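A closer look at the structure
What follows is each chain in one-letter form.
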Amino acid sequence: MNTSIIRIPLLLLAGLATRSAWALDSYRYLHVTVDTPWNIFLFLLIGIFAPFILMAVLAWRYSFKKKSDEGEASVDSSEEHL
């Protein structure tokens, strides 16, 4: 019991001592410039609009495929009546 009473304040002090070191190093490799918001905007723009562009391309592609399939089906059905 006595060791836990000593360990808890020591752990808290150690955590507070290293917290200031983390604050100094947290932005060391993060270089924020004027271009940063534009880069974030363009990245999100691609991520948001890419599914819509893909959906439009696939809908356009399959609309032509469906029309050609319907034309072949109507020719097949007219041959059955003969």
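Heads up: these notes are all about the structure in this document. Computed from a prediction, not measured in an experiment: that's the story for all the values here. (Residues numbered from 1 in each chain as written. Predicted model: local features only at pLDDT ≥ 70, side-chain atom pairs only at ≥ 80, totals over all residues. Heavy atoms only, no water.)

With that settled, the discussion passes to the overall build of the chain. Scanning the chain from terminus to terminus reveals 2 helices and 0 strands. Residues classed as buried in the chain amount to 0% of the 82 residues present. When the accessible surface of the chain is summed, it comes to about 8,200 Å², and 71% of that surface belongs to carbon and sulfur atoms. (Helix = DSSP H or I, 4+ residues; strand = E, 2+ residues; numbered from the N terminus. Buried < 20%, exposed > 50% of the residue type's maximum accessible area, 1.4 Å probe, protein only. Areas by Shrake-Rupley, 256 points an atom, 1.4 Å probe, with all protein chains shown as cover.)

Let us now look at the packing of aromatic side chains. Per the stated rule, a full pass over the model turns up 2 aromatic pairs. Ring centres 5.5 Å apart and planes at 75° place the aromatic pair Trp-60 and Phe-64 in the edge-to-face group. Highlighted residues: Trp-60 and Phe-64, both in helix α2 (residues 35-80), separated by 4 residues, approximately one helical turn. (Phe/Tyr/Trp six-rings, centres within 6.5 Å; stacked < 30°, edge-to-face > 60°.)

A surface patch of nonpolar side chains, about 970 Å² in accessible area, is lined by Ile-40, Phe-43, Leu-44, Ile-48, Phe-49, Phe-52, Ile-53, Met-55 and Val-57. Judged by relative accessible area, Phe-43 falls into the exposed class, the value being 64%. (Patch = residues over 30% accessible without salt bridge, like charges linked within 9 Å, V, L, I, M, F, W, Y side chains within 5 Å. Salt bridge = Lys/Arg side-chain N within 4 Å of Asp/Glu carboxyl O.)

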